[in-house]
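Per-entry structural report
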Amino acid sequence: MSTSLGKWSGKMVIGILLVILAIGMAGCRPGIPASPIPTATSSPTPAAPSPTFTPAPPPTTALPPTSPAPAPSASPTPAGGIALLEEVRLSDQPAFGREPVALSWMNGKLYILCRQDPVLLIAQDGRVVVGGISLQGYPVALAASPAAHRLYAASESPNQLYLIENDALQKTWPLPAPPTALLAAGDRLYVGYSGLSRIDIWQMPAGTVLGSFQTPEGFYAYSMALDAARNILLAVGFQRVLGFDVTSKDIVMDQYTKSYQTLALDEKLGRWYVNDYDESTSTSWMAAFDIGTGALVGRAAIGQDPRQALVHPITGRLYVACSWDGAVWEIDAATLQAARTFPVGNGTTALALDDSGRRLFAANRADHNVVAIDLDTGSPTGWIPTALIPSDMEADSARQRIYVALPAAGAVQYMDANLQAHHLIDLPSPSDMALDPVRGTLYVVSQAGRSLAVVDPDVVSAQMVPLEDVPPHAPLAVAVDASRERVYAGTHIIHAVSLQAVSALRITPLSIWNMPVEPVETWVDPVQQRAFMVAFNGIPGSNGGMVIYVLDLRTGEQLPGYLGGVSTTAIWLDADGRRLYSTAVHFSSYRLYVDDLDSLAHLSERRLDAMPIDIAYVPATHHLFIAGQIPAAGAQRTAQGELLVLDARTLGEVARIMLPEPPASITADAVSRRVYVAVGIQGKVLVVQDAPVPAPPAPTITPTPSPWPTLTPSPAALSAPTPQMPTPAPTPTACARPVAPAFRTFDTSLLGCPTDAEVEMDMAEQPFQHGLMFWRGDVRQIYVLWGDGGYMAVADAWTGPEEYACQAPAPAGMVQPKRGFGLVWCTYPEVRGRLGWGLEPERGYRAVLQPFERGLAWHNDRGQVFAIFFDGTWQMLLPR
């Protein structure tokens, strides 16, 4: 129930946006009459400098689940107050990496290529990771040559090719363009590129280029297959499949399909498969073609966004990984009908078979894991975590346990009083947990399984309750009301004893479409019989985000308005103190909100320095613990973390503990006064001992406007985010270069002085549900501006002539981006997931841009001025 909402942003938004077809209208705070309540936070006295506790470095020895650990003292209050006690390792796995994008099986080992953390993981017998090989940049492709005992990997930024032998990196070569696909055949390696219309033939292991297959202008090979018997190399690009004679290098087959990157070859049947898309029915297919004649044999319906396909060498069955469905489709080759579907997780991207052909491995990019499927039974047999990031933690004071949900491991673990980790249950993609303090029952929702697990921790047994009508990718949250014997799983209400469905709740977003949404976190107030549910507000554009809805559980009615701020990241309900604490991230503004549980009145708020990820509260000390992330800056690729401790009575700072890695989740045990913070990707939990200290003075609160501006329902207004602005720095008194006339009426003080004169250029712009894209013509660069205030810059690799870079049926009223914007949107799932759909087509205009000391500024054709800063943030500049 203390799930961090911040970690949901990548997974959840795709599923919600597929069902929310809303054009926004203005929202308002709850229309509930309440008299003002005086609070201690209104003191104007400036906060005195508060102590910052820097914990000692954590122990260097890892703590595996089976190793003994010293029991903490019964009264472990350190002399200095709040302090870091211990670091617990939930796994002894030696290597980790986020976002697995490619798999290869070779000689009894499964190799897993991870994009976000450049590493090639090695899993012995496809069961456990035994090591990893560090790479560079962003890995994109992997190929195996089992006969030669060689592996090849390719990465972009930098564009490089890697040779791996004996589980060690042997050689590295630069590539002329970003790689897209690799295919190994004997001592030949075929390499496809983005932005380069050719496929190179490499002689290995010498690393020399023997020649190239020249492709038509704008054709880039995203997947390849070799028909050795017919001496034909097949390559699939956007809406086109080419066949090359390997000897003459001539094109011998040119087939048009609405394909993108999914290609598979069946040499026995003499056919090849490629994904196809029917726009009239929004259906994805795998189309089968005869290799000899090029004739269409038939089509098989599959899920959305197919990413990889392979043919079973023995059974001839076709397996397709469908990213948006988080599942693998099994197609019978004789009937071209789906025989089975295997739901495996979120963002299913890659496939591999073991030598026996009885185990199929599926990589889930969003879940950071690989799932092994027994093809005889059709059941998962194990999960290989590539990044061990807890989705939730729950404290059980009676048993002195901390339960940890680990989606990547497909399991729930617990730490005992001696801080030793133990396995509790297997569960695909456990996303959220809630504990019944009366019965001791643990409730866990499984996103991939779309079910509720009712766990008795004493006998380690679980009953599974299916959750009906849960859309794919929909987030699942769980909460329990022990007094009324009710469990709230998503919007389902289930009786805690009979486990029968009682009824359902409906969350209607604040938009004119009134489409229901699913909560990502739920807390129940047993006193007022209210549910506080965090869900999408249904508003496209910069004002869209997570808000806190309030539902009356006696009537099922939703109260008007919302609590907290837009883009809520975490909440904590203090039923005894009658307070609701929440954090929100809106553009570059990070805030803590305090609301009254009875009157629902807004009591106070405080600006935060770091991006809040999760919060926890210890009633005995009145301490709020806010786990935040400090964004990476400069050449640093990995963000840092901090644990901010505030006194809930004054919101004054008690302590600030720097964390070695970004936090993922946090919970607190009210009895032992311990706070547990999960950090990093390696399954680490830091144990912090809380202690009473004198309450610090309240900070000076700077009033801010409502975080939810009124929307004007016009495309121009929707495309113009209005972020909350921090207090501007003083304007420099003198600059060597003048500010361009186009910007003189805007506040450029945060940018510093101009470093060069302005330049005029072509610019293109497109608004999205959760941000913007800009194309800068002079350097062919694309800026992706997230709605939370961050941005990324990507080189424009589009050369045409195709307008769309992938198959993506846009919801009604939305548009799929085209050309360069579309290539970035299709290539990077994080872009597609965080931006959502386009609100209107892109438009071009002439713009003026000027570089400054801290960033760049430009104006658009609607009189707005945008600025991107070198610290990774962006803002719209305000008029002076």
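Everything quoted here is computed from the prediction, not taken from an experiment.

Reading across the sheet, the 4 strands line up as β49-β50-β51-β52 and stay open at both edges, with antiparallel pairing between neighbours. Both edges of this open sheet fall to β49 (611-618) and β52 (653-659), since each of them pairs with a single strand only. Along the sheet, successive strands turn relative to each other by an average axial angle of 20°, direction set aside. Here 8 bridges tie strand β50 (residues 623-630) to strand β51 (residues 640-647), and the two strands are oriented antiparallel to one another.

So, on to the nonpolar core. For soluble globular proteins, nonpolar side chains are generally found buried alongside one another. Counting 52 residues, the largest nonpolar core has Phe532, Phe625 and Leu643 as its most contacted members. Top element by residues in this core is β49. It accounts for 5 residues. Ranked by size, the runner-up nonpolar core spans 26 residues in total, among them Tyr222, Met773, Ala805 and Phe821.

Further remarks concern the state of the cysteines. Under the criterion given, the structure shown has 1 disulfide. The partner cysteine of Cys735 in its disulfide is Cys753, sulfur to sulfur 2.0 Å. Judged by the sign of its S-S torsion, about -70°, the cystine formed by Cys735 and Cys753 is left-handed. Taken as a pair, Cys735 in the loop between α2 (715-718) and β56 (759-768) and Cys753 in the loop between α2 and β56 lie far apart in primary sequence, 18 residues in all.

Let us now look at the sheet that holds strand β28 (residues 369-374). Ordered in space as β26-β27-β28-β29, the 4 strands form an open sheet in which the pairing is antiparallel. Either end of the sheet is taken by a strand with one partner, and the two such strands are β26 (348-353) and β29 (379-385). Along the sheet, successive strands turn relative to each other by an average axial angle of 25°, direction set aside. Of the strand pairs in this sheet, strand β27 (residues 359-364) and β28 are connected by 6 bridges, and their pairing is antiparallel. By the bridge assignment, Leu360 is partnered in β28 with Ile373.

Checked against the element boundaries, Gln807 lands in the loop between β59 (791-795) and α3 (819-827). Taking C-alpha positions, Gln807 is 9.5 Å from Phe238, a pair spaced 569 residues apart along the chain. Beyond its immediate stretch of four places on either side in the chain, Gln807 contacts Lys258, Ser259, Tyr260, Asn275, Asp276, Tyr277 and Ser284.

Right, let's talk about the pairing of strand β33 (residues 421-426) for a bit. Note: strand β32 (residues 411-415) against β33, 5 bridges, orientation antiparallel. Across the sheet, residue Gln413 finds its bridge partner in β33, namely His423. Here β32 folds back onto β33 in antiparallel fashion, the turn holding 5 residues, of which Leu419 has a positive phi close to 60°.

Evaluation of the coordinates by the stated rule reveals 43 salt bridges. Of the charged contacts in the structure, one is a salt bridge between Asp396 and Arg399, with a shortest N-O distance of 3.1 Å. A salt bridge links Glu653 to Arg656; the nearest nitrogen and oxygen atoms lie 2.7 Å apart. Arg656 shares its class with Glu653; the two are buried. Linked through salt bridges whose partners overlap, the residues forming this network are Arg606, Asp609, Glu642, Glu653 and Arg656.

This part takes up the confidence of the model for the protein. When pLDDT is averaged along the protein, the result is 83; 84% of the residues meet or exceed 70. Long-range and interchain partners of residues 7-80, a stretch whose pLDDT sits below 50, account for 168 contacts in this model, where long-range means more than four residues apart. Below a pLDDT of 50 lies the segment residues 702-733, which in the model reaches 80 contacts outside its immediate sequence neighbourhood of four places, other chains included.

A separate point is the packing of aromatic side chains. Inspection of the entire model under this criterion finds 15 aromatic pairs. On the basis of an interplanar angle of 15° and a centroid distance of 5.6 Å, the ring pair of Trp105 and Phe361 is categorised as stacked. Of this pair, Trp105 sits in strand β2 (residues 100-106) while Phe361 sits in strand β27, and the two are 256 residues apart along the sequence. Classification of Trp105 as buried rests on a relative accessible area of 11%. Taking relative accessible area as the criterion, Phe361 reaches 0% and is therefore assigned buried. Residues Trp272 and Phe289 carry aromatic rings whose centres are separated by 4.5 Å and whose planes lie at 15° to one another, so their mutual orientation is stacked. One end of the pair, Trp272, is in strand β19 (residues 271-278); the other, Phe289, is in strand β20 (residues 283-290), and 17 residues separate them in sequence.

Moving on, we come to unusual backbone geometry. Residue Pro158 is reached from Ser157 by a cis peptide bond, and omega for that bond is 10°. Following the sequence through the fold, Pro158 ends up in the loop between β7 (150-156) and β8 (160-165). A cis amide bond, omega 10°, links Met204 with the succeeding residue Pro205. Topologically, Pro205 is positioned in the loop between β12 (198-203) and β13 (208-214). Notably, Gln239 is not glycine yet its phi reads approximately 60°, a positive angle. Looking at the secondary structure, you find Gln239 in the loop between β15 (232-237) and β16 (240-245). Taking the relative accessible area as the measure of exposure, Gln239 reaches 23% and is therefore partly exposed. The phi angle at His622 is positive, at roughly 60°, despite the residue not being glycine. With respect to the helices, strands and loops of the structure, His622 is situated in the loop between β49 and β50. Residue His622 is classed as partly exposed on the basis of its relative accessible area of 28%.

Reading guide: rules and limits
- Residues numbered from 1 in each chain as written.
- Predicted model: local features only at pLDDT ≥ 70, side-chain atom pairs only at ≥ 80, totals over all residues.
- Heavy atoms only, no water.
- Pairing = 2+ DSSP bridges.
- Helix = DSSP H or I, 4+ residues; strand = E, 2+ residues; numbered from the N terminus.
- Axes fitted to C-alpha atoms, helices over the stretch in contact; angles between N-to-C directions.
- Core = buried A, V, L, I, M, F, W, Y, C linked by side-chain atoms within 4.5 Å.
- Buried < 20%, exposed > 50% of the residue type's maximum accessible area, 1.4 Å probe, protein only.
- Disulfide = S-S within 2.5 Å.
- Contact = heavy atoms within 4.5 Å.
- Salt bridge = Lys/Arg side-chain N within 4 Å of Asp/Glu carboxyl O.
- pLDDT = per-residue confidence, 0-100.
- Phe/Tyr/Trp six-rings, centres within 6.5 Å; stacked < 30°, edge-to-face > 60°.

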